[in-house]
Amino acid sequence: MKLSEARNRKNIVQEDISHMIDVSLRYYQRLESGKSIPSIKIALRICKILEVSPFEIDEWQDSTN
């Protein structure tokens, strides 16, 4: 599942979730686009808010699999 899909399912806009996890909007946008990979701490915060497993987020999966 795309990170944006998980966020949209919870009806949360990018700006709100970036505030919830205490990162800049630009950094969060980079996470959604797959240009940045979050620390474990940030990933777990996102997953808790979105109620998903980190293993479900496509952008965080190893591309060699």
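Before any of the text, the structure's been laid out above.
Just so you know, these numbers come straight off a predicted model, no measurement behind them.

Undergrad: Would you mind going over the overall build of the chain with me for this structure?
TA: Within the chain one finds four helices and zero strands. In the chain, the order of α-helices and β-strands from amino to carboxyl end is α-α-α-α. By the compact-globule yardstick of 11 Å for 65 residues, the chain fits well, its C-alpha radius of gyration being 11 Å. Within the span of the chain, comprising 65 residues, buried residues form 34% of the whole. Of the contacts formed within the chain by residues at least 6 apart in sequence, a portion of 47% connects residues at least 24 apart. Accessible area for the chain stands at about 4300 Å²; split by element, carbon and sulfur atoms hold 49% of it. Between the centroid of the 10 positive side chains of the chain and the centroid of its 10 negative side chains there is a distance of 4 Å.

Undergrad: Quick question: what am I supposed to make of the pattern of salt bridges here?
TA: It is possible for side chains of opposite charge to pair when their charged atoms get near one another. Going through the model one piece at a time under the given rule, you end up with two salt bridges. For Glu 32, the salt bridge goes to Arg 7, with nearest N and O atoms at 2.4 Å. Residue Glu 32 is located in helix H3 (residues 25-33), and its partner Arg 7 is located in helix H1 (residues 3-9); the two are separated by 25 residues in the primary sequence. Neither Glu 32 nor Arg 7 differs from the other in exposure class; each is buried.

Undergrad: Teacher, can you tell me more about H3 here?
TA: In an α-helix, one turn spans 3.6 residues; hence positions three or four apart end up facing the same way. Tyr 28, Leu 31 and Glu 32 are the residues of H3 that are buried. Within H3, the buried residues cover an arc of 95 degrees as seen down the axis, which keeps them to one side. One or two residues past the end of H3 sits Gly 34, with phi positive at roughly 80 degrees.

The rules behind each value
- Residues numbered from 1 in each chain as written.
- Predicted model: local features only at pLDDT ≥ 70, side-chain atom pairs only at ≥ 80, totals over all residues.
- Heavy atoms only, no water.
- Helix = DSSP H or I, 4+ residues; strand = E, 2+ residues; numbered from the N terminus.
- Rg over C-alpha atoms; globule rule 2.2 N^0.38 Å.
- Buried < 20%, exposed > 50% of the residue type's maximum accessible area, 1.4 Å probe, protein only.
- Contact = heavy atoms within 4.5 Å.
- Areas by Shrake-Rupley, 256 points an atom, 1.4 Å probe, with all protein chains shown as cover.
- Lys, Arg positive; Asp, Glu negative; His and termini not counted.
- Charge placed at Lys NZ, Arg CZ, Asp CG, Glu CD.
- Salt bridge = Lys/Arg side-chain N within 4 Å of Asp/Glu carboxyl O.
- Arc of directions from axis to C-beta.

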